[in-house]
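# Topology and contacts: notes
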Amino acid sequence: MSRETLIAEAIETILTCNQDAAVDVAKRSIDEGVDPVDMLSEGFSVGIREMGEKFGRGEVFLPQLILSANTMKAATELLNEAINDKGSVVKKGIMVIATVEGDVHDIGKGIVISLLNTQGIEVIDMGRDVSVEKIIEKALEVNADLIGTSALLTTTMMSQKKLEDELKARNIRSKFKTMIGGAPCTQRWADKIGADAYAEDAAQAVTKALELLGRN
Ligand code: B12
């Protein structure tokens, strides 16, 4: 089966909230040797964003969005494992990552983590709905090089600014490099709040993280 057909099927499984079919197409793509990153970025992610647009236009409702998010999660777990199998062993740095307080969106963060792992960046995932205080505590505890925050809501993006402000207030801003991501974030937002980097997708997150670690 061609790569294009598998990618088109992946999009369709998200739009139809068909979890069994999503897992099946993810497995087949792995068997066929299609790059799992492509399956995620050109396939499943395209489907979930389209669902988000339909939700925004009132064409689908929250229960359907939840169903397609669950479908996406099931496929993502499999593909993330396949990405991790390609992991490198040389450790280049430690990153603490979290979805900010009040925000439960974590699918994209999961993809970012898998890709960072393949590049030798040890990622400590604090999960979702995590306060700035807890993120800072963890970063200090593990002596992190990088702090990454994900925000998918325009309301929760403010926590990314809060993190910058709090690091400055505690006089520890220079201890860490900060990276931000999530659909509403932009380079402009990163510049405005003083984050060290913004990445629009997982591949760019890897490039920027390596740059910040001085590895590129
Ligand atoms: C799936 C989804 C959900 C799922 C989340 C499931 C989960 N476990 O994640 C569920 C159904 C639970 C959900 C709930 C809600 N959602 Co929602 N959701 C989405 C949807 C459709 C897709 C998000 C997603 O997974 N995208 C796919 C991934 C791969 O992309 P990504 O997240 O952008 O991640 C990539 C990059 O951004 C980047 N990245 C991400 N994080 C990071 C971090 C770092 C450090 C870096 C460097 C890079 C990076 O790399 C990733 C991989 O390439 C979006 C639509 C959209 N366009 O984003 C709406 C959306 C974000 N949701 C929205 C809303 C309104 C809600 C609810 C408030 C709905 C409600 N009425 O209850 C709740 C909020 C709950 C909460 N408190 O958080 C709105 C937000 C609008 C706004 N202006 O703020 C959106 C935009 C939909 C819309 N068009 O209205 N949602």
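Residues numbered from 1 in each chain as written. Predicted model: local features only at pLDDT ≥ 70, side-chain atom pairs only at ≥ 80, totals over all residues. Heavy atoms only, no water.

### Some details on the site of the ligand
- Around the ligand lies a shell of 37 residues, among which Arg 49, Val 104, His 105, Asp 106 and Ser 150 are the nearest.
- Note that a nitrogen atom of the ligand is positioned 3.0 Å from one of the backbone N or O atoms of Gly 102.
- At the level of secondary structure, the elements contributing two or more residues to the shell around the ligand comprise α3 (36-56), α4 (62-84), α5 (107-118), β3 (146-150), β4 (177-181) and α9 (202-212).
- No other element matches α3, which puts 6 residues into the shell around the ligand.
- If you count residues domain by domain, the shell around the ligand takes at least three from each of domain 1 (3-84) and domain 2 (93-212). (Near = heavy atom within 4 Å. Polar contact = N/O pair within 3.5 Å; in protein donor to acceptor, adjacent residues only side chain to side chain. Helix = DSSP H or I, 4+ residues; strand = E, 2+ residues; numbered from the N terminus. Domains from an automatic or database assignment.)

### Here we look at the domain arrangement of the protein chain
- Examined at the domain level, the protein chain breaks down into domain 1 (3-84) and domain 2 (93-212).
- Centre-to-centre separation of domain 1 and domain 2, based on C-alpha positions: 24 Å.
- Listed by partner, the interface residues are 10 residues for domain 1 and 8 residues for domain 2.
- Interface of domain 1 and domain 2: buried area, both sides summed, is about 740 Å²; carbon and sulfur atoms make up 69% of it.
- Considering only the side of domain 1, the residues that lose the most area to domain 2 are Lys 73, Ile 83 and Asn 84, jointly responsible for 48% of the buried surface there. (Contact = heavy atoms within 4.5 Å. Buried area = accessible area lost by both parts, 1.4 Å probe.)

### Description of the packing of α3 against α4
- Close contact between α3 and α4 brings their axes to 10 Å; oriented N to C, the two are set at 170°. Classified by the angle their axes make, α3 and α4 are roughly antiparallel. Every residue of α4 that contacts α3 at Pro 36, Val 37, Met 39, Leu 40, Phe 44, Ser 45, Ile 48, Met 51, Gly 52 and Phe 55 is listed here: Leu 62, Gln 64, Leu 65, Ser 68, Ala 69, Met 72, Ala 75, Thr 76, Leu 79, Asn 80, Ala 82 and Ile 83.
- A class-by-class count of the residues in the contact of α3 with α4 yields 16 nonpolar, 6 polar and no charged. (Axes fitted to C-alpha atoms, helices over the stretch in contact; angles between N-to-C directions. Parallel < 35°, antiparallel > 145°, perpendicular 65-115°, else oblique. Nonpolar A, V, L, I, M, F, W, Y, C, P; charged D, E, K, R; others polar.)

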